[in-house]
Amino acid sequence: MHSLIQLSIAVLLLPLLSFVILIFFNKRLPRRGDFVGVGILGTTFALSFYIFWSVVVQAYDPAFRVAWDFTWIDFGNVPGVGPLEIRMGIVIDNLTAIMLAMVTLISFLVHLYSTGYMSGDPRYGRFFAFLGIFTFSMLGIVLADNLFAIYIFWELVGLSSYLLIGFYFEKDSAADAQKKAFLANRVGDIGMWLGILILYSQFHTFSYQEIFANLAAGKFGLGEAWLTAAGILLFMGCVGKSAQFPLHVWLPDAMEGPTPVSALIHAATMVAAGVYFVARIFVLLTADALHVIAFIGAVTAFMAATIAITQHDIKRVLAYSTVSQLGYMVLGLGVGAYSAALFHLVTHAFFKACLFLGSGAIIHAMHHEQDMRWMGGLRKPMPWTFATFTLATLALAGLPLTSGFMSKDAILAGAIGFAAAEGGGIYWIIPFLGFFSAMLTAFYMGRQIWLVFFGESRTHLKPADPHHHGHDAHGSHGHDDHHAGESHGVHEVAWNMRAPLVILAALSVFAVYSPDPLDGAKGWFLKMVQTPATVVGSPGNTAGHESSPLALHEGRLLAEAVPPAQHKAESDAHSEGVASEAASGVHAEAAGAAAHGEAHGHEFSDPRQAAIAHEAHAAHWPAIMISSVMVVLGISLAFVVYVFRIIDPEKTARSIRPLYLYSFNKWYWDEIYDATFIKGSVLISKILSWFDANIVDGIVNGVGAMTRRVGFATGGFDKYVVDGAVNFTAFLVNTSGGVLRKLQTGKVQTYVVLLLLAVIGYFIYYFTQLIY
Amino acid sequence: MELLTNIGLNHYLTISALLFGFGLFAVMTRRNAIVILMGVELILNAANINFLAFSKYSGGMEGVMFSLFIIVLAAAEAAIALAIVINIYKIFRSVDVSSIDTMKE
Amino acid sequence: MLSLIVFLPILAGLVILAVPSSQKQIIRIVSLLAAIAQGVLAVLIWRGYDASMPGIIAAEGGAPEGSFQFIERLPWINLDLGGFGSLNIEYFLGVDGLSITMVILTALISIIGVLSSWPIQKQVKGYFILYNLLATAMMGCFVALDFFLFYVFWELMLLPMYFLIGIWGGPNREYAAIKFFLYTLFGSVFMLLVMIGLYFSVIDPLTGNHTFSLVAMASQENYIKDAILGPESMMWRYAAFIVLFVGFAIKVPMFPFHTWLPDAHVEAPTPISVILAGVLLKLGTYGMMRINFPLFPEVFQASLYAIGVLGAINIIYGAFCALAQQDLKKMVAYSSISHMGYVLLGLAAANSEGMVGALYQMFNHGTITSMLFLLVGVIYDRAHTRQIDKFGGLASYMPVYAAVVTIAWFASLGLPGLSGFISEAFVFVGAFSSETTRNIAIVSVLGIVFGAAYLLWSLQRMFLGKRKADAAYDLEVDADGHEHIHFHDWKGKLDLDARELVMLVPLAVIVIFLGIYPMPVLGMLTSSINKLVEVLSPVVMTALN
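Student: It is not clear to me how the overall build of chain A should be interpreted in this structure. Could you clarify?
Tutor: A count of helical and extended segments in chain A gives 29 helices and two strands. The 772 residues of chain A split such that 57% are buried. For chain A, long-range pairs separated by at least 24 residues make up 79% of all intrachain contacts whose partners lie at least 6 apart in sequence. When the accessible area of chain A is evaluated, it comes to approximately 29900 Å², of which 68% is carbon and sulfur surface.

Student: So what exactly am I meant to see when it comes to the overall build of chain C here?
Tutor: A count of helices and strands for chain C gives 22 helices and four strands. Here the C-alpha atoms of chain C give a radius of gyration of 23 Å, agreeing with the 24 Å that 2.2 N^0.38 yields for 545 residues. Taking the principal axes of its C-alpha atoms as reference, chain C extends roughly 85 × 60 × 40 Å. Within chain C, buried positions represent 66% of all 545 residues. Contacts in chain C between residues far apart in sequence, at least 24 positions, make up 76% of those at least 6 positions apart. Surface summary for chain C: the accessible area is close to 17000 Å², and the carbon and sulfur share equals 68%. Here chain C contributes 27 positive and 34 negative side-chain charges, whose respective centroids are spaced 8 Å apart.

Student: Honestly, the pairing of strand β3 (residues 473–477) of chain C in this entry has me stumped. Any pointers?
Tutor: Consecutive residues of a regular strand have side chains that alternate between opposite faces of the sheet. Residues and elements named next belong to chain C. Strand direction decides the pairing type here: β3 and strand β4 (residues 483–487), joined by five bridges, are antiparallel. Note that in β4 the partner of Tyr473 across the bridge is Phe487. As consecutive antiparallel partners, β3 and β4 are separated by five residues, and within that stretch Gly481 has a phi angle of approximately 85 degrees, a positive value.

Student: How do you make sense of the packing of helix α14 (residues 352–383) of chain C against helix α16 (residues 399–412) of chain C when you look at a structure like this?
Tutor: Each pair of packed helices can be summarised by the angle the axes make with each other and by the distance between the axes. All names here are of chain C. Direction vectors running N to C along α14 and α16 enclose 145 degrees, while the axes themselves pass 9 Å from each other. In terms of crossing hand, the pair formed by α14 and α16 is left-handed. In contact with Ile368, Met371, Leu372, Leu375, Val376, Val378 and Ile379 of α14, α16 contributes Tyr401, Val404, Val405, Ala408, Trp409, Ala411 and Ser412. Here the contact of α14 with α16 is composed, by residue class, of 13 nonpolar, one polar and no charged.

Student: Any chance you could explain the interface of chain A and chain B here in plain terms?
Tutor: Size of an interface: often given as the accessible area lost when the parts come together. Chain A puts eight residues into the contact, and the matching count from chain B is 10 residues. Each partner contributes to the roughly 750 Å² buried at the junction of chain A and chain B, and carbon and sulfur atoms together form 64% of this total. The interface formed by chain A and chain B contains zero residue pairs in polar contact (both at pLDDT 80 or more). Of the residues belonging to the side of chain A that touches chain B, the class tally is three nonpolar, three polar and two charged.

Student: Any chance you could explain the environment of A:Leu147 here in plain terms?
Tutor: Residue and element names in this part refer to chain A. One can find Leu147 in helix α5 (residues 147–165). For Leu147, a relative accessible area of 1% corresponds to the buried category. The spatial distance from the C-alpha of Leu147 to the C-alpha of Ile211 is 9.7 Å, given a sequence separation of 64 residues. Those residues within four positions of Leu147 in sequence are excluded, and the remaining contacts are Ile196, Leu199, Phe206, Tyr208, Ile211, Phe277 and Ile281.

Student: Would you take a moment to explain the packing of aromatic side chains for this structure?
Tutor: Pairs of aromatic rings are described using the distance from one ring centre to the other and the angle between the two planes. Residue and element names in this part refer to chain A. Scanning the entire structure with this criterion turns up 84 aromatic pairs over all chains. Pairing Trp72 with Phe148 gives two aromatic rings, centres 5.6 Å apart and planes at 50 degrees, and the pair type is tilted. Of the two residues, Trp72 is situated in strand β1 (residues 65–78) and Phe148 in helix α5; the sequence distance between them amounts to 76 residues. Per residue, the accessibility class of Trp72 equals that of Phe148, and both read buried. An aromatic cluster is defined as three or more aromatic residues linked by ring pairs; in this entry it consists of Phe45, Phe49, Phe52, Trp53, Phe108, Phe343, Tyr513, Trp524 and Phe525. We note Arg123 situated over the ring of Phe167; from NZ or CZ to the ring centre the distance is 5.6 Å.

Student: Please clarify how the pattern of salt bridges should be interpreted in this entry.
Tutor: Side-chain pairs of opposite charge can arise whenever the charged atoms involved come near each other. Residues and elements named next belong to chain A. A complete count under the given rule lists 21 salt bridges over all chains for this structure. Two residues, Glu85 and Arg87, come together in a salt bridge whose shortest N-O distance is 2.9 Å. On the accessibility criterion, Arg87 (31% relative accessible area) is partly exposed. Where Lys180 meets Asp670, a salt bridge forms, and the shortest distance between an N and an O atom there is 2.8 Å. Of this pair, Lys180 sits in helix α6 (residues 172–203) while Asp670 is found in helix α28 (residues 669–740), placing the two residues 490 residues apart along the sequence. A network of salt bridges, in which partner residues are shared, links Lys180, Asp253, Arg316 and Asp670.

Student: Can you walk me through the arrangement of the chains in this structure?
Tutor: No other pair among the two pairs of chains in contact exceeds the contact count of chains A and C. You won't find any contact between chain B and chain C; their C-alpha atoms come no closer than 42 Å.

Student: Looking at this structure, how should I read unusual backbone geometry?
Tutor: It is generally the case that most residues other than glycine have a negative phi and that most peptide bonds are trans. All names here are of chain C. Following Val252, the chain continues to Pro253 via a peptide bond in cis, the omega torsion being -10 degrees. Note on placement: Pro253 falls in the loop between α8 (234–251) and α9 (260–267). Looking along the chain, the bond that leaves Phe255 and enters Pro256 is cis, with omega of 0 degrees. With respect to the helices and strands, the residue Pro256 is situated in the loop between α8 and α9. The backbone of Ala350 shows a phi angle near 55 degrees, a positive value even though the residue is not glycine. Counting through the fold element by element, Ala350 comes out in the loop between α13 (328–349) and α14.

Student: What is the right way to read the nonpolar core from this model?
Tutor: Within soluble globular proteins, side chains that are nonpolar generally end up buried alongside one another. In this structure, A:Trp193 and C:Phe147 are the most contacted members of the largest nonpolar core, which totals 431 residues. The element contributing the most residues to this core is helix α14 (residues 338–365) of chain A, with 18 residues. Membership of the second largest hydrophobic core comes to 28 residues, among which are A:Ala294, A:Val335, A:Ala337 and A:Ala419.

Student: What exactly am I supposed to notice about the interface of chain C and chain A here?
Tutor: With 61 residues of chain C at the interface, the matching set in chain A holds 53 residues. At the boundary of chain C with chain A, total buried surface from both sides reaches about 4800 Å², with 72% on carbon and sulfur atoms. Remark: the boundary between chain C and chain A carries one salt bridge. Across the pair A:Asp697 and C:Lys179 runs a salt bridge, and its minimum N-O distance is 2.6 Å. Seen at the junction of chain C and chain A, the total is 18 residue pairs in polar contact (both at pLDDT 80 or more). Examining the composition of the side of chain C that touches chain A, we find that 11 residues originate from one element, helix α19 (residues 446–463) of chain C, more than from any other. Looking at the side of chain C that touches chain A residue by residue, the classes come out as 43 nonpolar, 12 polar and six charged.

Student: Would you mind showing me how to read the packing of helix α2 (residues 34–59) of chain A against helix α3 (residues 94–117) of chain A here?
Tutor: Residue and element names in this part refer to chain A. Between α2 and α3, the shortest axis-to-axis distance is 8 Å and the interhelical angle comes to 155 degrees. One way to sum up the angle between α2 and α3 is to call them roughly antiparallel. The crossing of α2 and α3 is left-handed. Listed contacts from α3 to Asp34, Gly37, Val38, Leu41, Gly42, Thr44, Phe45, Ser48, Ile51, Phe52, Val55 and Val56 of α2 are Asn94, Ala97, Ile98, Leu100, Ala101, Thr104, Leu105, Ser107, Phe108, His111, Leu112 and Thr115. By residue class, the composition of the contact of α2 with α3 is 14 nonpolar, nine polar and one charged.

Student: What is the right way to read the environment of A:Ala415 from this model?
Tutor: Residue and element names in this part refer to chain A. Among the structural elements, Ala415 can be located in helix α16 (residues 403–421). With a relative accessible area of 0%, Ala415 lands in the buried category. C-alpha of Ala415 to C-alpha of His2: the two residues are 413 residues apart in sequence and 39 Å apart in space. Every residue in contact with Ala415, bar those within four places of it in the chain, is listed here: Leu331, Val335, Ile430 and Pro431.

Student: Before we go on, may I ask you to explain the side chain of A:Ser681 in this structure?
Tutor: Following the sequence through the fold, A:Ser681 ends up in helix α28. Classification of A:Ser681 by relative accessible area gives buried; the value is 17%. Setting aside residues up to four positions removed in sequence, A:Ser681 forms contacts with A:Thr676, C:Phe320, C:Leu323 and C:Phe450.

Student: How should I be thinking about the side chain of C:Ser338 in this particular structure?
Tutor: Residue and element names in this part refer to chain C. By the element assignment, Ser338 lies in helix α13. The class of Ser338 is buried, set by a relative accessible area of 2%. Reaching out from Ser338, the side chain makes a polar contact with the backbone oxygen of Ile315 at a distance of 2.8 Å.

Student: I tried to follow a nonpolar patch on the surface on my own but got confused; where do I start?
Tutor: Judged by side-chain polarity, A:Leu755, A:Val759, A:Tyr762, A:Phe763, A:Tyr765, A:Tyr766, A:Phe767, A:Leu770, A:Ile771 and A:Tyr772 come together as a nonpolar surface patch covering roughly 1200 Å² of accessible area. In this fold, A:Phe763 is placed in helix α29 (residues 748–771).

Student: Explain helix α10 (residues 259–268) of chain A to me, please; I cannot follow it from the model alone.
Tutor: At 3.6 residues per turn, the α-helix brings residues three or four places apart onto the same side. The element α10(A) is largely enclosed, with a buried count of 10 among its 10 residues. Among all positions in α10(A), only A:Thr259, A:Pro260, A:Val261, A:Ser262, A:Ala263, A:Leu264, A:Ile265, A:His266, A:Ala267 and A:Ala268 are buried.

Scoring rules and cut-offs
Residues numbered from 1 in each chain as written. Chains lettered and ligands numbered in written order. Predicted model: local features only at pLDDT ≥ 70, side-chain atom pairs only at ≥ 80, totals over all residues. Heavy atoms only, no water. Helix = DSSP H or I, 4+ residues; strand = E, 2+ residues; numbered from the N terminus. Buried < 20%, exposed > 50% of the residue type's maximum accessible area, 1.4 Å probe, protein only. Contact = heavy atoms within 4.5 Å. Areas by Shrake-Rupley, 256 points an atom, 1.4 Å probe, with all protein chains shown as cover. Rg over C-alpha atoms; globule rule 2.2 N^0.38 Å. Lys, Arg positive; Asp, Glu negative; His and termini not counted. Charge placed at Lys NZ, Arg CZ, Asp CG, Glu CD. Pairing = 2+ DSSP bridges. Axes fitted to C-alpha atoms, helices over the stretch in contact; angles between N-to-C directions. Left-handed = near helix turned anticlockwise from the far one by under 90°. Nonpolar A, V, L, I, M, F, W, Y, C, P; charged D, E, K, R; others polar. Buried area = accessible area lost by both parts, 1.4 Å probe. Polar contact = N/O pair within 3.5 Å; in protein donor to acceptor, adjacent residues only side chain to side chain. Phe/Tyr/Trp six-rings, centres within 6.5 Å; stacked < 30°, edge-to-face > 60°. Lys NZ or Arg CZ within 6 Å of the ring centre and 35° of its normal. Salt bridge = Lys/Arg side-chain N within 4 Å of Asp/Glu carboxyl O. Core = buried A, V, L, I, M, F, W, Y, C linked by side-chain atoms within 4.5 Å. Parallel < 35°, antiparallel > 145°, perpendicular 65-115°, else oblique. Patch = residues over 30% accessible without salt bridge, like charges linked within 9 Å, V, L, I, M, F, W, Y side chains within 5 Å.

The following block contains the structure:
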C-alpha cells in the first residue's frame, strides 16, 4: 500500500474517531471535549497538507494518481456474469489532494471558530461530534474511487447536514428546514442513483476507472440516449446537493443551522461536492448532457443573484450568493471549462467560508441579530472582521488581484468559448447570463458591505418584535439588552474566531494561486488540474455543426495552446505509441479514451473539447474586459444607490413593485412546490389511505360479510333440507322401533323361552327335512 | 349290577341332559333371581359333565381343561351375579325379575 | 442440532406447564433461557455452516447431502392408500443459505421478543406457552425440507398467533385476530391441494417413490411427464403457481392482500408485533424462494413483470398510506408493507444482485422493523397513546430514546451506513439490470423519497419542535429552569430503561455493523442465491423441454 494511501485512510477515519468519542463521552470530558474535535481536525489537516504537498508541490505531475481498493462484497460466481465483486477503494490524484487540503483546512478552522461561536450552548459537545461525522463523510466523497462509495458518503453528508441544520431543533423553522433539505437532496439522489444503475446494469461495476474504460471501448449497449440520460441523472445528484435550479430551495432555509455550519457545509464544502462529483464523472458526459448542465448552471447563477439583491437577512444574501456561485461552477463544467470550474470551487470555498464566518462574527457580536436593516456602522468596532469580510467580498465580486477574479474569469472565458464553438445563437445566453450575474453579484455584495459596515448604527430602528427569529437561537446567551442594542455594546470577536477569518481572507489573494493576477493559467492549479479527455462520442463532428471542421482544424493547429490532455488524446487517434502516450497522459482516463480513439479512428470526439478550449483561450482577454466592466458597474450601482443615495432604493422598489416582490419572494418557488408537490403528495396519500381503509379493506370485509350471508343461506338449507332428511329418517326408525320394541320385554326368561322355541322349531324343521 | 359296572358314555350324557333340563326349567319359570342363578349353575354343570365324559372317552385332556375353566368361570359368575342381585335388592327391595323393568322405557 | 433448535421452545413450554401460574418470574426466565439457548444453537449452526455448499437443489446424483447441511431425515408417516399408492411423509430438516439466514434472524428475534414480553402481566403462563409454541413453529418452517412437514409447521403457527393477538391484544383484538386467522387460512388451504398434487407428480430419484421432499421437487427432472403438475400440463402448473403465490403473498403481505397487517399490528401487543413483522412476514417471501419459484421456474419466468409490478405497488402504495397515518404503529405497519415490496421487486429481478438484495432485505427488515415496533412500544407504554400529534419536542426530554429512534428511522429510510441501504440498493441494482423489471425499478425509486418523507415527518412531529398544547404528557420546570416532562401514570424511568436498552442496543449494533460490512450475512447466502438463480433461469427450462 502506498504511504499516501495509508495517510489518506488516517485522514478519512480520524474525524470519525472524533465523532465517536464526542457523541458518547462529550459530557464526561472537560470543556465538553471540544479540544478533541479541534485537535483531531488539526492533525487531519496536517496530514492532508502533507499529502497535498507531496502530490501537488513535490510530484508536480498532472497525471499523478495512486489508488488502492479491497473487496467489500463478494457475490461469488454469478450466473450470466461470472465472478462478481463489489470493491471499495481510495484514489488520490491532484484534484483529490487539493480537495483534501481544502476540506480539512476549512473544517479545522470552523472547529476552531466554533469554540468561540458555540460556547455556552447546551449541546456544545454534540455540535463538534456532528462536525466530525460531516468531515468524515465529506472526505469520503473526495477519496472515493467508485460510484457506490460516493453515493454512500453522499447520503451521509446529507445526514450530517440534516443533523446540523436542525441543531436548534426546538425551533419549528429549523425542524422544517432540516426536513426540507434532506428531502430535496433525496429527490436529487434518486436521479443520481438511477444514473448509477444505468451504468452498473451495463458493466457490472461501480468503479470509475472500469466504467470509463468500458465506455471508451464502446461497450455501452443501450445507445446514446441512455448514456445522455445517465449523465443528466447523475447530474441530478449535483442539482440536489449543490442546490441548483430547480432543487435550490433547501439551501437558503438551511441557514437555520448555526453559522459555522453554514460556512463549512452550506457554503464551502458539502454543496461543492455536487460540482466535485460532476467533475469526477465529467468524461462520461455526452455533449447533450453537458448542454443541459450548462443551462441549469446559468439559470441558477442568474436566478439566485436576482433573489440575493432584495434579501434582508445577512445569511440569506450569502446563501443565495452561494447558490449563484455554485451555478457558475456548474455552468463552467457544462461549457467544458473543467479546470476553471474546479478552480472556482476552491477559491469560492475559501472566500465564502470567510464571508460566512465573518457574518457569524457579526451575528455573534450583535447578539443574534441577522437583519441587515438594523445593522450599520460596524466598521469601527470590528476592524478585523471588516477587513477580512471586505477582502472576501471583493473576491466574490471578482475584482482583479483576488482569487475569485481569476477563477470566475476563467469560467466566463470558457462560456464565451463554448458559445463560439457551438455556433452561437441560443448558446450566447449562457455567457450573457454569466456576465449579468457577475454584475448583480457585485451589486448585492456592495449593498451588503455598505448596510453592515458603513453609515450609522440602525439598531434602534428595529421595531420591537418579540417573535423575531434570531431571538431564541441560543438559550444560554445573555441577551438582556437585545433591544437596547447600542453599537457601543458591539466588540470585536476573540482570537479563536478572528484567526480563521484572517487565514481564509489570506487565501482569497491571487498570489496563492498564480503569480500573474490576470491569468490563472499561469498558476499551479490550472496546471495540475486539467480537463480529462472524454470517453464518449461527441456529436460535434457528426451532427453537422458548421464550425466542426474548422474547430477540428484549429484544434490541431493550436495544439500548443490547448492543455496537454486534449493534445495527447487527440494525437493518440493518429499515432501508434499508445503505451507511452498513456503513461504521460493527464489521467488514466485519457488512456482509455486513447484506446477508444484508436478503435474508432476519426469518430473520437476530442475536437469538440479542443475547439472549446481554443475559443476559451481566445476569449481570455475579452472576458477579463467584460467582467471587470460588469463588476465595476455593479459596485458603482451599489454606491449610487446606497452610498450617494442618488437613487432611493425604497422608491425604486415601490415603482417596480411586482419585480421587487418576485425577487423578494424568491421567484415563489417555495409556494409553487408547496402547492404542487407537497400538497399533492399529502393529498395522494390521504386518497390512497382512504382507498385502503374503505375500498381494499371494504372488499375484504365485504367478502367476509358475504361469506356470512352465504353461511346463513347454507345454514337454512342445512336446517330444512339436510336436517329435515335426517329427522325424517329418525321418525321412520322411531315408529318402526315402537312396533318392534313390544317384543323386547327386558325379561331374560322371555328370551330364553324364545330361544328354546327357536331351537325346537329348528329341530322340527331339521327332522321333517330328514324324514322327507 | 351290570348297570353299575358297565357305565358308558350314554349314562353320563343322560345325566347331563337331565341336569340341563332342570336348569333350563328353573331359569325359564322361576321369578326369584337367586333361583334363576341356581338354574344357570345347573346348566353349567351339565356342560361340565359332558366335557368330562367326552374327554374320558376320546382320550385327550382338553375336556378336563375346559371343565376346570368352567368351574372357575362359574364361581366368578356366581360372585358377580350375587353382587348384582344384592344391589338390585338394595334398590328395588325385591329380587323378583319381573318387577325390575325400569330400562324398558 | 436442527431438531433441538426447533423443539427447544416447546420443551420450555412443557416445563412452564409444570410451573404454577403464580410463579411469573420463573416462567419468564425459563422462556428467556430457552430463547438464549436457541440463540446459542443458531450461532453454533452459523459457525459450522459451510458457505460453499449451495443448497436449493440436491447435489449431483440426487442426494441432498453435499448440498444441504445439518440434515436430519427420518421416515415419519407411511400410509398405504390402496389404489392411490402410498403416502410417505418424512421428518426432513436441513439448511442452506436461504434458511440459515432466516434461522439466525428467528433466533435473534425470539430472544428480543421474550425480553419485550417481560411487562406482560395477564395470564403469563398461557402467554409464554403459546409464545414458545409459536417460536417452534416459526423455526420449524425455516428448516423443514419436507413439504408436508413445512405445512404442519405453517399451520401450527396460526393457532398461537390467533390467541396471542386475540387475548393479549388491544381493544379491537378479536376482529384483528380473526381477520389474521381467516386470511392466512385462506392462503394455506389451497397450498394443501397443490402440495398433494405435487406429491403425485414427483418421484424421489433415490428411492423411486413419490415424495414430499422439497429438494426432490426443486429439480424439474424428477417430475413425471404426464402427472397433473408434470411438465406437460401447463395449465395446472400455472394454476398451482398462482395459488401458491397467493398463499405466500398473504403472509408477505402483498397488495391487495395486505389489509390484515395494519389491524393485526395495531391490536397486537408489542412483542407479537415484533415477531409478526420480524419473522412471520419473511415466511411469505421465504416460501416463494424455497417452494413457489423453484418448483415452477417456467411460470416464474413468465410472471416476472407481474411480480415486479406488485412489488412496486407495495413500495409506493405502502409509503403513501404510511404518510397519511396518525397512529404511529399503523405508520410503521404500512412501512413494513412498503419495505416488503422491495423484497418482491428483488425477487422479480431474477438475478443474483436482486435476489441477494431481497434475501438481505428480509434479514434487515427483520432487525430494523423489530426496532421500530419496540420503539413504538416504548412510547406507548409511557403515554398510552400512539397518536403522532400527541407528542412534540421529545428529543429535548428523552435524548437517548430520540437517538435510538433516529438510528432506527434512518435505517428504515435506507440511509447508507445502515444495513437497510445495502439491501435496498442491491434490490434496485438487480431490478434495473434485468430488462424485464427496468421500468418498474425506475418507478419504484420514488419509494425512497416518500419513505424518507413519512419517516422524517413523523420524526419532526414527535421529537422536534416543542411540546404541543394537547400533548400526552405534562411539562414541569424545576428550580434551575430545566424543563422536565412526566407521563400521567408511568412510574418507570422516563428515558429508556435497562431492559429496553438491552433489546435495542444489540439490534442497533447489528444494523450499523451490517451496514458497514455486510459480508457476515451475505457470505452465507450468495452461493445459494447463485444456485437459485441458476435453477430459475430459462436455460434450465429449455433443457427440460
